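Chain by chain, the residues:
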Amino acid sequence: MFLNDRMKPKELIFLETLSRRCELTSLEARKLSILKRGYEGEREYDRIFEEAGHDNLLIYRDLWLKIEGSTLQIDSLIIAGNKLIVNEIKNYSGLYSYKDSGWFINGTQISEEPLAQAARTGNKLLKLRALLQLNFEREYKVVFVNPNFNLNIVPEDEKNIVQRSMLRHYMKELNKMHIDARAHNISLKLKDYFIDDPMPLPEVDAARVKGGSYCSRCGSFEMNVRNYIAVCRECGYKESLEKIFVRGIIDYSVLFFSERMTTQRIKLFLGDILHIRSVRRLLNKYCVKVEQGKSTYYIIKNQEIDTLLLNNNYISRYGSNIPR
Ligand SMILES: [Zn+2]
């Protein structure tokens, strides 16, 4: 069973949000595409695991751990019986080959070394054996989820690799193990080493970021604002001002995570679509209000739009805007 949700990486959310409000540099665009592909691969892995079944396993997804000063990230950590299994998930596509510890695509060596990376992660877990005084076994596998991935590799190097064609079988075999008291014990004790994603986000230059409100269907900033709705001038899509507001405060909190969200800043950022009284009312609805001396600022309750709307009694007057 999955023990936690797989969250979209915060850097991916950041770059997706940034891309809606400014032209990305080529470096940012490349990073965005890598993160997107990686996340899609992880979701595909989860989907196949759902189909194959995982009732007899304990699975932590997208974990960050700190063990004696060293930090490690694990795409999927499977616990069953007395075993810890690291799955490093890769969404490569194309024709690859593996030779002399190097990975090549079309004859050119790539900078990533998935097997070495998974081995390092696996070895760091070994430190826990002494710390927890538990004598678990550990395994690691690099899992390739993309059906368009082909690998040329000699069989003796393939021991720690699972290709897509074998993935369902691999998962079904895993699920023949069982969760016993030892597995529960390991999964509980591991929690002491969990940390939040420690990777810092870049500070964004506010001058690059386009303020205003945009159409959620086509991304255009050209909107005709009426009493309770805005209509996109490009595609005609109608959306309630409340929902546009909510998307705006999410964007603000993602891009300017180190800034305090105040009524004035939000009013300015959203491009005057709402009266200051409405801005204040909606901030109180979707955020936690913090009063510090004479100043007041707001902390958004959730950065995921559907959850934020649903948990805060958003009622749409427009059929097409009911949050899923
Ligand atoms: Zn539009």
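Remember, it's a predicted structure, so these values are computed and weren't measured experimentally.

Structural notes on the packing of helix H1 (residues 10-21) against helix H6 (residues 241-255)
Then, in step 1: The N-to-C vectors of H1 and H6 enclose an angle of 120 degrees; their axes lie 9 Å apart at closest approach. Considering their axes alone, H1 and H6 lie oblique with respect to each other. For the pair H1 and H6, the sense of crossing is left-handed. For the pair H1 and H6, contact is made by Ile13, Phe14, Thr17, Leu18, Arg20 and Arg21 and by Gly248, Asp251, Val254 and Leu255, respectively.
Then, in step 2: Of the residues assigned to the contact of H1 with H6, the class counts are 5 nonpolar, 2 polar and 3 charged.

Side note on the nonpolar core
Then, in step 1: Among the nonpolar cores identified, the biggest contains 42 residues, and Leu18, Phe245, Ile249, Met261, Ile266, Leu283 and Tyr286 are the most heavily contacted of them.
Then, in step 2: Take this core: its biggest share by element is 9 residues, from H6.
Then, in step 3: Among the domains, domain 1 (10-193) and domain 2 (211-318) are the pair contributing at least three residues each to this core.
Then, in step 4: Residue contacts for tyrosine 286: discarding those within four places in its chain leaves Glu242, Val246, Ile249, Ile300, Lys301, Leu308, Leu309, Asn312 and Tyr314.
Then, in step 5: Tyr60, Ile67, Val86 and Tyr92 belong to the second-largest nonpolar core, a separate cluster that totals 35 residues.

Observations concerning the domain arrangement of the protein chain
Then, in step 1: Each assigned domain of the protein chain is listed with its residue range as follows: domain 1 (10-193) and domain 2 (211-318).
Then, in step 2: Domain 1 and domain 2 are separated by 37 Å when their C-alpha centres are compared.
Then, in step 3: Each partner contributes to the interface: domain 1 provides 6 residues, whereas domain 2 provides 10 residues.
Then, in step 4: When domain 1 packs against domain 2, close to 730 Å² is buried across both sides, 64% of that on carbon and sulfur atoms.
Then, in step 5: The largest share of the area that domain 1 buries against domain 2 comes from Phe14, Arg20 and Arg21, three residues that together contribute 74% of it.
Then, in step 6: Taken together, domain 1 and domain 2 are joined by 1 salt bridge.
Then, in step 7: The salt bridge partner of aspartate 251 is arginine 21, with a shortest N-O separation of 2.9 Å.
Then, in step 8: Between the two partners, domain 1 and domain 2, sit 3 residue pairs in polar contact (both at pLDDT 80 or more).
Then, in step 9: A class-by-class count of the residues in the side of domain 1 that touches domain 2 yields 3 nonpolar, 1 polar and 2 charged.

Conventions we followed
Residues numbered from 1 in each chain as written. Predicted model: local features only at pLDDT ≥ 70, side-chain atom pairs only at ≥ 80, totals over all residues. Heavy atoms only, no water. Axes fitted to C-alpha atoms, helices over the stretch in contact; angles between N-to-C directions. Helix = DSSP H or I, 4+ residues; strand = E, 2+ residues; numbered from the N terminus. Parallel < 35°, antiparallel > 145°, perpendicular 65-115°, else oblique. Left-handed = near helix turned anticlockwise from the far one by under 90°. Contact = heavy atoms within 4.5 Å. Nonpolar A, V, L, I, M, F, W, Y, C, P; charged D, E, K, R; others polar. Core = buried A, V, L, I, M, F, W, Y, C linked by side-chain atoms within 4.5 Å. Buried < 20%, exposed > 50% of the residue type's maximum accessible area, 1.4 Å probe, protein only. Domains from an automatic or database assignment. Buried area = accessible area lost by both parts, 1.4 Å probe. Salt bridge = Lys/Arg side-chain N within 4 Å of Asp/Glu carboxyl O. Polar contact = N/O pair within 3.5 Å; in protein donor to acceptor, adjacent residues only side chain to side chain.

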